[in-house]
Amino acid sequence: MTTSDEAPFVRVCELSKHADRSVTVKGWVYHLRAKGKLVFLVLRDGSGLVQCVGVKGEMDDAQFDEIQRLPMESSIEVRGKVRLDARAPGGAEVGISFVTVLQKADADFPIQPKEHGTGFLMENRHLWLRSRKPWACLRIRDRAIRSIREYFHELGFINIDSPIFTPAACEGTSTLFEVDYFDDKAYLTQSGQLYAEAAAMAFGKVFTFGPTFRAEKSKTRRHLTEFWMVEPEVAFATLDDVMSLAEGLLCRVVGDALTDCKEELKVLERDVTKLECIRAPFPRLSYDEAAKYLQSKGLPFEYGNDFGAPDETAIGEKYDRPVMIHRYPHQVKAFYMKRDPQDPRWALCVDVIAPEGYGEVIGGSQREENLAVLRSRIEEHKLPMDAFQWYLDLRRFGSVPHSGFGMGLERCVAWICGVDHLRECIPFPRMLHKIYP
RNA sequence: UCCCGGAUAGCUCAGUCGGUAGAGCAACCGGCUGUUAACCGGUUUGUCCUAGGUUCAAGUCCUAGUCCGGGAGCCA
């Protein structure tokens, strides 16, 4: 079928602008109900769903019979008139006058509009992407990515990409994926932070945004082995400065989703009143205050340790918006974090805990800018000094106070979507022992 | 790595005290002019995860293993 001036090609999301006019829509058969001399064909084109109605006698008989038998996900073009009709899902429908079948799909499309287990759906992720829930989650993800970039660019940041191949551990803590690098070994990055620090000394305000890799054998709904992280790094910023920056970022991302993703949130049946309370200021608790709260609740938490996932959940449950916990004991935190000059027991760091049990979405800190101190931290953590020579150079040539944080994109998106697993918020998730499709 | 749970039709699951395999949905055929995960009638569908053991008899009980899910730790 060729489109014509009489029936222009229109995306489903634009149909309401073409009421009472003939159009061509192109897409896939999402659902089909044949009812005698009527056939209701729900067409999916990526931008939305529209019900197309075929009436025997008002179109070619052979075509009418053919579309009644179309397997799900067959690709077709439909020409017909747009009608506004309250009985149609979405309010508009297309009265079919002509159909071209591009490909009649095999009859065994595995995903039905019924309940499936997540394991089965993930085996069929390449096809599951066509369903409503992935449609909603991944569009919200796209909106979040745009919001993040817009937010930082509007504040004068520039995007600096950090390398994926790295010569050694950035933090020396989590397990890395090792790859052959010619005759040498390299590792997939677990954080772009150290490179962002170098860039901050060159550009002032920067952010890296890209995939990161953790080879931890985590089997939980809050972990992926490959995930996307945005990491701003700001020269001359203090911990308080980046806490406000993080607060602003979360408000922006959530606010944009509420404004621009109403349909997606509806598909996900997200309780948007929970998102509408996400406004600055966020509660700010010191580690000391948070620890005392946990002890008062009788949780099995030992003062001086890092918070576990159940601890974070308990703290998060107390508030209707993200909580910022700052100044942890330096022993439980990374080597590059600066200690609090007011009280050297604490590291100048912050974790942001999302509400509703979504856990840590942001971790950040003020960085140690003194060369001698940083050297001794590397020694204390038994890290290979050689690998950090370039990093130490940043403290030799015009060192300044600076701070930054990292935000896990999928954790943030999962929270906004209200879904119970991170893997739904990335197109093709990579998890422990899962790398198909 | 550790703890808990699971594996039966294409999918979601039931299967009693150990007695020879079931439902809904999907697919296929037929009916219906306003359906909304339509409905009604009919048809088809099995390596009961694998290997061994107990027993007259194992989907069911025992042992080992494999794979999957969730949680802990670690972190975003």
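Since the structure is predicted, the reported quantities are computational estimates derived from the model, not experimental observations.

## Considering the pattern of salt bridges
Right, so step 1: According to the stated counting rule, one finds 30 salt bridges in the structure shown.
Right, so step 2: A salt bridge links K133 to E424; its shortest N-O distance comes to 3.4 Å. On the criterion of sequence distance, the pair formed by K133 in helix α4 (residues 132–154) and E424 in the segment after α13 (409–417) is long-range, its members being 291 residues apart.
Right, so step 3: Overall, K133 belongs to the partly exposed group, its relative accessible area being 35%.
Right, so step 4: Classification of E424 by relative accessible area gives buried; the value is 5%.
Right, so step 5: The closest approach of N and O atoms between R252 and D256, which form a salt bridge, is 2.9 Å. Here D256 and R252 lie together in helix α6 (residues 239–260), a separation of 4 residues that amounts to about one turn.
Right, so step 6: Its relative accessible area of 13% is what places D256 among the buried residues.
Right, so step 7: Here the residues in one salt-bridge network are R143, E150, E154, R252, D256 and D260, joined through shared partners.

## What about the protein's contact with RNA strand B?
Right, so step 1: Neighbouring residues of RNA strand B: 50 residues in total, closest H31, R214, R221, E360 and R411.
Right, so step 2: Close to the protein, within 4 Å, the atoms of RNA strand B belong to sugar or phosphate groups at a rate of 49%.
Right, so step 3: R222 places a side-chain nitrogen or oxygen 2.9 Å from a phosphate oxygen of RNA strand B.
Right, so step 4: Between RNA strand B and H223, the relevant distance is 2.9 Å, taken from a base nitrogen to a side-chain nitrogen or oxygen of the residue.
Right, so step 5: Those elements that place two or more of their residues in the surface near RNA strand B are β1 (22–35), β2 (38–44), β11 (226–235), β15 (359–366) and β16 (402–408).
Right, so step 6: Looking at the surface near RNA strand B residue by residue, the classes come out as 15 nonpolar, 14 polar and 21 charged.

## Thoughts on the nonpolar core
Right, so step 1: In terms of nonpolar packing, the biggest core is built from 57 residues, with I148, F152, L250, F405, M407, W415 and I416 touching the most fellow members.
Right, so step 2: Elements supplying a minimum of two residues to this core: α4, β10 (205–213), β11, α6, β14 (346–354), β15, β16 and α13.
Right, so step 3: Here this core takes 12 residues from α6, the largest share from any one element.
Right, so step 4: If near-sequence neighbours (up to four positions away) are discounted, F152 is found in contact with F157, F207, V230, P232, L245, L249 and F405.
Right, so step 5: Residues Y336, M337, L392 and L394 belong to the second largest nonpolar core, which totals 30 residues.

## Let's talk about the sheet that holds strand β8 (residues 178–181)
The pairing of strands in a sheet comes from backbone hydrogen bonds and takes either a parallel or an antiparallel form.
Right, so step 1: The strand order β7-β9-β8 describes an open sheet built from 3 strands, whose pairing is antiparallel. Bordering the open sheet on either side are β7 (165–166) and β8, each of which pairs with just one other strand.
Right, so step 2: Relative to strand β9 (residues 184–188), β7 is paired through 2 bridges, and the arrangement is antiparallel. By the bridge assignment for β9, F165 is matched with L188.

## Here's the deal with the domain arrangement of chain A
Right, so step 1: When cut into domains, chain A gives domain 1 (12–103) and domain 2 (125–425).
Right, so step 2: The distance between the C-alpha centroids of domain 1 and domain 2 comes to 46 Å.
Right, so step 3: In this assembly, 7 residues from domain 1 lie in contact with 5 residues from domain 2.
Right, so step 4: Close ionic contact of E73 with R130 constitutes a salt bridge, the shortest N to O distance being 2.9 Å.
Right, so step 5: The interface formed by domain 1 and domain 2 holds 2 residue pairs in polar contact (both at pLDDT 80 or more) in total.
Right, so step 6: Here the side of domain 1 that touches domain 2 is built from residues that sort into 3 nonpolar, 2 polar and 2 charged.

## Here's the deal with the pairing of strand β3 (residues 49–55)
Right, so step 1: Counting buried residues in β3 gives 5 out of 7 residues, a clear majority hidden from the surface.
Right, so step 2: For β2 and β3, the ladder comprises 7 bridges, and the chain directions are antiparallel. Counted as the bridge partner of R44 is L49 from β3.
Right, so step 3: Taken together, β2 and the strand that follows it, β3, pair antiparallel across an intervening segment of 4 residues, in which G46 is found at a positive phi of about 95 degrees.
Right, so step 4: Bridge count for β3 against strand β5 (residues 92–103) is 3 bridges, and the pairing is parallel. Paired with C52 across the bridge in β5 is V94.

## Regarding the packing of α4 against α13
Right, so step 1: Where α4 contacts α13, the two axes come as close as 10 Å, and the packing angle between them is 120 degrees. One way to sum up the angle between α4 and α13 is to call them oblique. Of the two possible hands of crossing, α4 and α13 adopt the one that is right-handed. Of the residues in α13, those in contact with C137, I140, R141, A144, I145 and I148 of α4 are L409, E410, V413, I416 and C417.
Right, so step 2: In terms of residue class, the contact of α4 with α13 is built from 9 nonpolar, no polar and 2 charged.

The rules behind these values
- Residues numbered from 1 in each chain as written.
- Chains lettered and ligands numbered in written order.
- Predicted model: local features only at pLDDT ≥ 70, side-chain atom pairs only at ≥ 80, totals over all residues.
- Heavy atoms only, no water.
- Salt bridge = Lys/Arg side-chain N within 4 Å of Asp/Glu carboxyl O.
- Helix = DSSP H or I, 4+ residues; strand = E, 2+ residues; numbered from the N terminus.
- Buried < 20%, exposed > 50% of the residue type's maximum accessible area, 1.4 Å probe, protein only.
- Near = heavy atom within 4 Å.
- Polar contact = N/O pair within 3.5 Å; in protein donor to acceptor, adjacent residues only side chain to side chain.
- Nonpolar A, V, L, I, M, F, W, Y, C, P; charged D, E, K, R; others polar.
- Core = buried A, V, L, I, M, F, W, Y, C linked by side-chain atoms within 4.5 Å.
- Contact = heavy atoms within 4.5 Å.
- Pairing = 2+ DSSP bridges.
- Domains from an automatic or database assignment.
- Axes fitted to C-alpha atoms, helices over the stretch in contact; angles between N-to-C directions.
- Parallel < 35°, antiparallel > 145°, perpendicular 65-115°, else oblique.
- Left-handed = near helix turned anticlockwise from the far one by under 90°.

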